[in-house]
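# Reading the structure
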Amino acid sequence: MNIITRGFRGRRRDSGRPLPPGQYLTHDFPVLSAGPTPRIPLDAWEFTVTTEQGERHRWSWTELMGLAAESITTDIHCVTRWSKLDTDWRGVSLDTLLSNVATEADFAMALSYGGYTTNLPLEDLLDGKAWIAYQYNGEDLASEHGGPARLLVPHLYLWKSAKWIRGIDLMLQDSPGFWEQLGYHDYGDPWREQRYQGD
Ligand SMILES: Nc1nc2c(c(=O)[nH]1)N[C@H]1C(S)=C(S)[C@@H](COP(=O)(O)O)O[C@H]1N2
Ligand SMILES: [Mo]
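As the structure is a computational prediction, the values presented were derived from the model and not from experiment.

## Here we look at the overall build of the protein
Within the protein one finds three helices and 11 strands. Helices (α) and strands (β) of the protein occur, in sequence order from the N terminus, as β-β-β-α-β-β-α-β-β-β-β-β-β-α. Compactness check: the protein gives a C-alpha radius of gyration of 17 Å against a globular reference of 16 Å for 199 residues, within 12% of the reference. Expressed as lengths along the three principal axes of its C-alpha atoms, the size of the protein is roughly 55 × 40 × 40 Å. Residues counted as buried form 47% of the 199 residues belonging to the protein.

## Looking at the pattern of salt bridges
All told, the structure shown has seven salt bridges when counted by the stated rule. With its nearest N and O atoms 3.1 Å apart, the salt bridge here joins Asp86 to Arg17. Taken together, the positions of Asp86 in strand β5 (residues 82-93) and Arg17 in the segment before β1 (24-25) put the pair 69 residues apart, joining distant regions of the chain. Note that Glu193 is salt-bridged to Arg81, the shortest N-O span being 3.6 Å. On the criterion of sequence distance, the pair formed by Glu193 in the segment after α3 (178-181) and Arg81 in the loop between β4 (70-77) and β5 is long-range, its members being 112 residues apart. Several salt bridges converge on common partners, so that one network encompasses Arg17, Asp75 and Asp86.

Conventions used here
Residues numbered from 1 in each chain as written. Chains lettered and ligands numbered in written order. Predicted model: local features only at pLDDT ≥ 70, side-chain atom pairs only at ≥ 80, totals over all residues. Heavy atoms only, no water. Helix = DSSP H or I, 4+ residues; strand = E, 2+ residues; numbered from the N terminus. Rg over C-alpha atoms; globule rule 2.2 N^0.38 Å. Buried < 20%, exposed > 50% of the residue type's maximum accessible area, 1.4 Å probe, protein only. Salt bridge = Lys/Arg side-chain N within 4 Å of Asp/Glu carboxyl O.

Spelled out as structure tokens, the structure:
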């Protein structure tokens, strides 16, 4: 039998929670962007999934807003060593967006407005592990944090959570994205401390 002892009322939920190795806790929300913040008017925004066959599935902003949304509370971990606990997001699960997409692909490339890219195994986007997030703390996602919408893949280092997401290319073969080409780890599991190639 498991006996779970809860902390006294009012205790910070994050105290004593283990962090991935080499990480420290932060309570603010640092901004890390490799370039300028792109501004995308909502009437021009679209999200496109392109299969390995070149088949395109597109959602306008209005269409995205019409899909079932989920609230997500999750810890996030940046490779520059900050972690932030219990962050609150709202967005659409990739399961929803990919449900009618026929593909044999095992890999995905997330593509951002502004040119940023990052690669992931397709399975890391499925089964409730990834979202197109458009709210943070109950408010529209700020543009410096990737608004109007960003990818959120919290079980991997945060560089995999592409800000200003504009689409996902499905690929039969893996291919490195922006940071991955510059020596960051192909997968980026914070619990295994996969920061750089070879970790
Ligand atoms: N398009 C885009 N997405 C990006 C980045 C970027 O430079 N451009 N930086 C990544 C990195 S390294 C991190 S740690 C997080 C930072 O998200 P934040 O600025 O909201 O904290 O976004 C990731 N997504
Ligand atoms: Mo990062």
